[in-house]
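# Geometric and topological summary
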Amino acid sequence: MQSPPVLKLRMKLSVIICTYNRSVILEKTLKSLEQVEVPRDVAWEVLIIDNGSTDNTPAIVQGYIKNNKIPVFYFLEATSGKSAALNLGIQKSRGEIIAFTDDDVLFDKNWVNAILNAVSKYPYSAFGGRIIALWGAPIPSWLSSDGRFNSLRGTVFFRDDGEVDREYNETMMGVPCGANMFFRREAIKSNGFFRTDLGPSHHVPGGSEDTEFCSRMLKLGRKFMYVANAIIYHPVEAEKISPRDLLRWRYYCAKSEVRAREFNNSMNRICGVPRYLFRQFISNFAIWLMSINSSKRFFFKLKTYYTCGEIIEHRSIYKGAISK
């Protein structure tokens, strides 16, 4: 008696994870994939894009591929920058749905099912999910994670907009976070690749590669759906929230966000820098110095560093323009 023919499934979902020199953390992320529930009739793949790691990342990934049944594939992108790695992931992916996440997260067991259900249920092309922080240490007194002086708003540590699915709006920061967003392939095809002048690059932090990518989609008339049960967890250890690292991150994020914006030549400028930024810098700096409350003080210190990054990047762009 002949065996029934093997049904070849179309690749439904591609998960793209970019990484650089974080093999220990990446191994935990890969291990968490093992408890993610995926329907047996759904073909999926996980693409690990190594952005030129010098640690044992290749060995960790290859060992995982050898010893697990999860469809993980390894690719090397030697060009420095997360955006270059993201773009290679898009090129190598085969899924009808493309999901982006980070190399230091843990997955809810329902994450894949939530993605598949959302794409089937909603007539949207772009989606984002929840990011829930897992605090590995008590939150320091100088760092507020909610309320008026929330110093972690806009970071990848958490993005929790509640337990109800809804369309993204300005109160939800407008677009999802790059650590937990997914798209129909056709939406990415019409939108183009990530800008390689934005985002982190090896040892230099940065951002805006995800928000700029999503902003282009908004300009094309696409809207984003928030999917409450598409959940990932982000461990937050003490070393990830040191004052030095948070200040450095905000400074470089500001530089990235200036590059991501369209240049407005109508602004009143001093040496290429919008005049309002000088007033903003002085105001933030003064509140930082005079604040007694530690969380308010650090909040305005972050704002001061951010404004400083904006000023320096505007000046750099101006100098580059006049030298041409």
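### What about the pattern of salt bridges?
- For the structure on display, the rule yields 15 salt bridges.
- Its salt-bridge partner being Asp 160, residue Arg 130 comes within 3.1 Å of it at the nearest N-O pair. With Arg 130 in strand E6 (residues 126–135) and Asp 160 in the loop between E6 and strand E7 (166–167), this residue pair connects regions lying 30 residues apart in the sequence.
- Note on Arg 130: relative accessible area 11%, which makes it buried.
- Across the pair Arg 216 and Glu 212 runs a salt bridge whose closest N-O atoms are separated by 2.9 Å. Taken together, the residues span about one helical turn, with Arg 216 and Glu 212 both in helix H6 (residues 209–219) at a distance of four residues.
- A network of salt bridges, in which partner residues are shared, links Arg 22, Asp 103 and Asp 104.

### Description of helix H2 (residues 57–67)
- Within the sequence span of H2, burial applies to Thr 57, Ile 60, Val 61 and Tyr 64. In a view along the axis of H2, the buried residues occupy a sector of 95°, so they form one face of it. When the buried face of H2 is taken as reference, the exposed residues oriented beyond 90 degrees from it are Ala 59, Lys 66 and Asn 67.

### Looking at the side chain of Ser 125
- Here Ser 125 shows up in the loop between helix H4 (111–121) and E6.
- Within polar-contact distance, the side chain of Ser 125 engages the side chain of Glu 186 at 3.0 Å.
- Filtering out sequence-adjacent residues up to four positions away, Ser 125 remains in contact with Phe 182, Phe 183, Arg 184, Glu 186, Ala 187 and Arg 222.

### Looking at helix H3 (residues 82–92)
- Of all eleven residues that make up H3, nine are buried, and the element is covered over most of its length.
- Turning to H3, its buried residues are Lys 82, Ser 83, Ala 84, Ala 85, Leu 86, Asn 87, Leu 88, Gly 89 and Ile 90.
- Packing partners of the buried residues in H3 comprise strand E1 (11–19), strand E2 (43–50), strand E3 (72–76), strand E4 (97–101), helix H5 (185–191) and H6.

### Overview of the packing of helix H1 (residues 23–32) against H2
- Contact geometry of H1 with H2 gives a least axis separation of 9 Å together with a crossing angle of 20°. With respect to H2, the axis of H1 lies roughly parallel. The two elements H1 and H2 cross, and the hand of that crossing is right-handed. In contact with Ser 23, Leu 26, Glu 27, Leu 30 and Lys 31 of H1, H2 contributes Thr 57, Ile 60, Val 61 and Tyr 64.
- Taken together, the residues that form the contact of H1 with H2 break down as five nonpolar, two polar and two charged.

### Some thoughts on empty space enclosed by the protein
- Evaluated as defined, the whole model comprises one cavity of 30 Å³ or more.
- Reported here for the largest cavity is a volume of approximately 50 Å³.
- Lys 82, Leu 86, Phe 100, Thr 101, Asp 102, Gly 178, Met 181, Phe 194, Glu 209 and Asp 210 together form the lining of the largest cavity.
- Of all the secondary-structure elements, those providing two or more residues to the lining of the largest cavity are H3, E4 and H6.
- Residues that form the lining of the largest cavity fall into these classes: four nonpolar, two polar and four charged.

### Describing the environment of Ser 295
- Along the chain, Ser 295 falls in helix H9 (residues 294–322).
- Excluding its chain neighbours within four sequence positions, the residues that come into contact with Ser 295 are Ser 141, Trp 142, Ser 144, Phe 149 and Ser 151.

### Details of the confidence of the model for the protein
- When pLDDT is averaged across the protein, the result is 90; 93% of the residues are at 70 or more.
- Confidence scores differ between elements of the protein, with strand E10 (residues 269–270) showing the lowest mean pLDDT of 86 and E4 the highest of 98.
- Every residue in residues 1–7 is under pLDDT 50, and counting partners more than four places away or in other chains gives zero contacts.

### Side note on the state of the cysteines
- Counted under the stated rule, the structure contains zero disulfides.
- Unpaired in terms of disulfides, Cys 214 finds its nearest cysteine sulfur in Cys 177, a separation of 9.4 Å.
- Looking at Cys 308, it has no disulfide partner, and the nearest cysteine sulfur is the one in Cys 253, 14 Å off.
- A residue is classified by how much of its surface remains accessible, and Cys 308, at 28% relative accessible area, is partly exposed.

### Regarding the pairing of E2
- Counting buried residues along E2, eight of its eight residues qualify, which places the element largely inside the surrounding structure.
- Residues Ala 43, Glu 45, Leu 47 and Ile 49 line one face of E2 and the alternating positions Trp 44, Val 46, Ile 48 and Asp 50 line the opposite face, and both faces are buried.
- Two elements, E1 and E2, share eight bridges in a ladder whose sense is parallel. Paired with Val 15 across the bridge in E2 is Val 46.
- A crossover links E1 with its parallel partner E2, the connecting element being H1, and its sense is right-handed.
- Where E2 and E3 come together, five bridges link them in parallel fashion. Bridging from a neighbouring strand, Leu 47 pairs with Phe 73 of E3.
- In terms of handedness, the path from E2 via H2 over to E3 forms a crossover that is right-handed.

Reading the values: rules and limits
- Residues numbered from 1 in each chain as written.
- Predicted model: local features only at pLDDT ≥ 70, side-chain atom pairs only at ≥ 80, totals over all residues.
- Heavy atoms only, no water.
- Salt bridge = Lys/Arg side-chain N within 4 Å of Asp/Glu carboxyl O.
- Helix = DSSP H or I, 4+ residues; strand = E, 2+ residues; numbered from the N terminus.
- Buried < 20%, exposed > 50% of the residue type's maximum accessible area, 1.4 Å probe, protein only.
- Arc of directions from axis to C-beta.
- Polar contact = N/O pair within 3.5 Å; in protein donor to acceptor, adjacent residues only side chain to side chain.
- Contact = heavy atoms within 4.5 Å.
- Axes fitted to C-alpha atoms, helices over the stretch in contact; angles between N-to-C directions.
- Parallel < 35°, antiparallel > 145°, perpendicular 65-115°, else oblique.
- Left-handed = near helix turned anticlockwise from the far one by under 90°.
- Nonpolar A, V, L, I, M, F, W, Y, C, P; charged D, E, K, R; others polar.
- 1 Å grid on protein atoms, 1.4 Å probe; cavity = no way out; pocket = protein on both sides within 12 Å on 5 of 7 lines; lining within 4 Å.
- Points joined across faces, edges and corners; volume = space filled by probe spheres on them.
- pLDDT = per-residue confidence, 0-100.
- Disulfide = S-S within 2.5 Å.
- Pairing = 2+ DSSP bridges.
- Right-handed = clockwise from strand over helix to strand, strands pointing away.

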